[in-house]
Amino acid sequence: MAPDTDHFDVIIVGAGLSGIGMAHHLQRRCPWARHAILEARQAIGGTWDLFRYPGIRSDSDMHTLGYSFRPWSDPDAIADGNKIRDYIEETAVEVGIDKQIRFGTKVTHAEWSSADARWSVKAADRSVRTCRFLILCSGYYSYEEANRPRWDGEDSFAGPIVEPQFWPEDLDWRGKRVAVIGSGATAVTLVPALAKEAAHVTMVQRSPSYVMARPSRDKIAKAFERVLPFRTAAALTRWKNVLLQQFFFGLSRRRPAKVKAKLLELTEKEVGADQLRHFTPRYNPWDQRLCLAPDGDLFAAIRSGSASVATGQIERFTPSGLRLTDGSEVPADVIVTATGLQVQLAGGATLSIDGSPVRLGDTMAYKGLFFSDVPNFASIFGYTNASWTLKADLSAAFVCRVLNRMRRRGQAVVMPARDPTIAERPFLDFTSTYVRRALADLPKQGDRGPWRLKQSYAADLMNLRFGRLEDGVLQFRNAA
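All values reported here derive from a predicted model rather than from experimental measurement. (Residues numbered from 1 in each chain as written. Predicted model: local features only at pLDDT ≥ 70, side-chain atom pairs only at ≥ 80, totals over all residues. Heavy atoms only, no water.)

Some details on the layout of surface pockets
In this structure, the second largest pocket spans a volume of roughly 660 Å³. In this structure, the second largest pocket is lined by 29 residues; those nearest its centre are Met212, Arg214, Leu244, Gln245 and Leu292. Those elements that provide at least two residues to the lining of the second largest pocket are strand E11 (211-214), helix H6 (219-227), helix H7 (230-254), helix H8 (256-271) and strand E12 (291-294). The biggest single contributor to the lining of the second largest pocket is H7, with five residues. Along the lines of polarity and charge, the residues of the lining of the second largest pocket split into 15 nonpolar, five polar and nine charged. (1 Å grid on protein atoms, 1.4 Å probe; cavity = no way out; pocket = protein on both sides within 12 Å on 5 of 7 lines; lining within 4 Å. Points joined across faces, edges and corners; volume = space filled by probe spheres on them. Helix = DSSP H or I, 4+ residues; strand = E, 2+ residues; numbered from the N terminus. Nonpolar A, V, L, I, M, F, W, Y, C, P; charged D, E, K, R; others polar.)

Structure representation (structure tokens):
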């Protein structure tokens, strides 16, 4: 009999960094698994294809944001969006993953049938596909809607108001005064990029964020490459950066005052004592993600006078810019609202089990990727305190371990059983506004393993790669 062209062993939702990585692990570790990738857009790359604003780049080094199985080889360790998009696409084409992608297929609903032990995956074009195992690699924010506060007087502003997520290709900002509202990674990226050709750029922030200068090229990585085979050098560089990230994060948790003082000391050397108040947050380091300034580009723009920072609440828009609550004015011809993402899981798709709706916000995450009492289902979610791909790689390999175990033993269903004695904690231990707004919609984590998120690559490496699958929590069984 010919195979059912609409039934698969595995369906992956999303052809971005995580989806292509998941497919690569499947091809290598589960060559028996017939799979497809459903991608809502018409291109590979996810975030790195969606965002096209000036200066778009990684906020992690590419030696750890790149795949473990295909090390990053470009000289730039902090790379722009075009290079990252090309890297993801080349990874897909190199081993034929691109042939498994169904573009223009936006998943709207997935229904689990216990009787059939399979998911029915429905798309906006009314197509339906079925699979034994469903894996979400669709990120954690909406592609259709950004977080966009509203202010009084917006209609009175004479110029364009732009959201970075939907940057117009024909926007005329060169030689003009630009106000960028926000202090996160997007704003810190946009300001120095716009300042190269704008008349002046002002970063308007309600409150400061930590900004850390870092070289865009890794000299130690290049030294390794001069004396070692490429893959050996890449592995050493990856571990060097992982250990530095983990050391700095751990120190920030143990000695927050000491780390804060050091960060502010480094920042003062970049911008001077008179500007330090604009870079002195109320929170401790890593209560929110640190912003990265490659080669100190933001600080250089401020020193040159092509950019400046205004800290305070916006009272209203005016015909010629912004007025803050302290009475100061920020003149602008163009205003950019770099005010964050709209958190959304599963790309907005809904889930149900035997006709009963499932809210991921009501579940508890097992090892950060399976969900309590949801069968044959995983969601790839990377680190928030380090490069996303480090956790995504480990999670993808773990899913393959589970699939191979099920195949060897002829089992059809796997899911973690929730322990009612496990206390709930927020899924993300971050104080960022966009995270706090979405806490009710995010899964929970527990107060101890395997429900507790480690946020540690070394710990997750041991747990996900070598930990026992028969841990008393992960339940395997045959079909009903």
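That was the structure; now back to the text.
A word on the environment of Ser120
Looking at the secondary structure, you find Ser120 in strand E5 (residues 118-123). For Ser120, a relative accessible area of 22% corresponds to the partly exposed category. Taking the C-alpha atoms as reference points, Ser120 and Met212, 92 residues apart in sequence, are found 46 Å from one another. Once you skip the residues sitting within four places of it in the chain, Ser120 turns out to touch His109, Ala110, Glu111, Val128, Arg129 and Thr130. (Buried < 20%, exposed > 50% of the residue type's maximum accessible area, 1.4 Å probe, protein only. Contact = heavy atoms within 4.5 Å.)

Remarks on the sheet that holds strand E14 (residues 314-318)
Reading across from one edge, E14-E15-E16 is the order of the three strands in this open sheet, with antiparallel pairing throughout. Each of the sheet's edge strands pairs with one partner strand only, and the pair in question is E14 and strand E16 (329-331). Within this sheet the neighbouring strands show an average axis-to-axis angle of 20°, counted without direction. Bridging between strand E15 (residues 321-324) and E16 involves three bridges; their strand directions are antiparallel. Bridging across to E16, Gly321 finds its partner in Pro331. (Pairing = 2+ DSSP bridges. Axes fitted to C-alpha atoms, helices over the stretch in contact; angles between N-to-C directions.)

As for unusual backbone geometry
For the peptide bond that leads from Gly449 to Pro450, omega is 0°, which places it in the cis range. Looking at the secondary structure, you find Pro450 in the loop between strand E26 (444-446) and helix H12 (457-466). The backbone of Trp286 shows a phi angle near 70°, a positive value even though the residue is not glycine. Within the secondary structure layout, Trp286 lies in the loop between H8 and E12. The class for Trp286 is buried, based on a relative accessible area of 8%.

Some points on the side chain of Thr389
Turning to its location among the elements, Thr389 is positioned in helix H10 (residues 388-409). Exposure remark for Thr389: the relative accessible area of 2% places this residue in the buried category. At a separation of 2.5 Å, a polar atom in the side chain of Thr389 contacts the main-chain carbonyl oxygen of Leu65. Not counting the four nearest positions on each side in its chain, Thr389 is found in contact with Leu17, Thr64, Leu65, Gly66 and Tyr67. (Polar contact = N/O pair within 3.5 Å; in protein donor to acceptor, adjacent residues only side chain to side chain.)

Looking at the environment of Thr186
Looking at the element boundaries, Thr186 is found in helix H5 (residues 185-195). A residue is classified by how much of its surface remains accessible, and Thr186, at 26% relative accessible area, is partly exposed. In this structure the C-alpha to C-alpha distance between Thr186 and Ala15, which are 171 residues apart in sequence, comes to 22 Å. In this view, Thr186 contacts Tyr53, Pro164 and Ala338; residues no more than four positions away in its chain are not counted.

Some points on the nonpolar core
Counting residues in hydrophobic clusters, the biggest one holds 128 residues, and the most contacted among them are Ile20, Met22, Val180 and Phe370. Per-element tally for this core: the top contributor is H10, with 11 residues. Non-local contacts of Met22, meaning those with residues more than four positions away in its chain, are made with Ile12, Ile135, Cys137, Ile380, Ala396, Val399 and Cys400. Core analysis: the next-biggest nonpolar cluster, separate from the first, contains 13 residues, Ile181, Val330, Ala332 and Ile335 among them. (Core = buried A, V, L, I, M, F, W, Y, C linked by side-chain atoms within 4.5 Å.)

Thoughts on the sheet that holds strand E10 (residues 200-205)
Strand order in the open sheet formed by five strands is E8-E17-E9-E10-E13, and the pairing between neighbours is parallel. Edge positions in the sheet fall to strand E8 (161-162) and strand E13 (307-311), since each of these pairs with one other strand and no more. For E10 and E13, the ladder comprises five bridges, and the chain directions are parallel. Directly across from Val201, in E13, lies its bridge partner Ala307.

Side note on the pattern of salt bridges
Tallying each qualifying case throughout the model produces 33 salt bridges. With a closest N to O distance of 3.8 Å, Asp9 and Arg132 form a salt bridge. A residue pair is termed long-range when its members are at least 10 positions apart, and Asp9 in strand E1 (residues 7-13) and Arg132 in strand E6 (residues 128-136) qualify at 123 residues. Overall, Arg132 belongs to the partly exposed group, its relative accessible area being 27%. If you follow the salt bridges from partner to partner, you end up with Arg41, Asp49, Arg52 and Arg85 in one network. (Salt bridge = Lys/Arg side-chain N within 4 Å of Asp/Glu carboxyl O.)

So, empty space enclosed by the protein
Under the definition given, this model contains four cavities of 30 Å³ or more. As a volume, the largest cavity reaches approximately 90 Å³. If you trace the largest cavity, you find it lined by Leu136, Ser138, Gly139, Leu345, Ala346, Leu360, Gly368, Phe371, Ser379, Phe381, Phe427 and Pro443. In terms of residue class, the lining of the largest cavity is made up of eight nonpolar, four polar and no charged. Space inside the second largest cavity adds up to approximately 70 Å³. The wall of the second largest cavity is formed by Gly368, Phe381, Gly382, Tyr383, Lys391, Phe427, Leu428, Leu453, Lys454, Gln455 and Asp460. For the lining of the second largest cavity, the residue count by class is five nonpolar, three polar and three charged.

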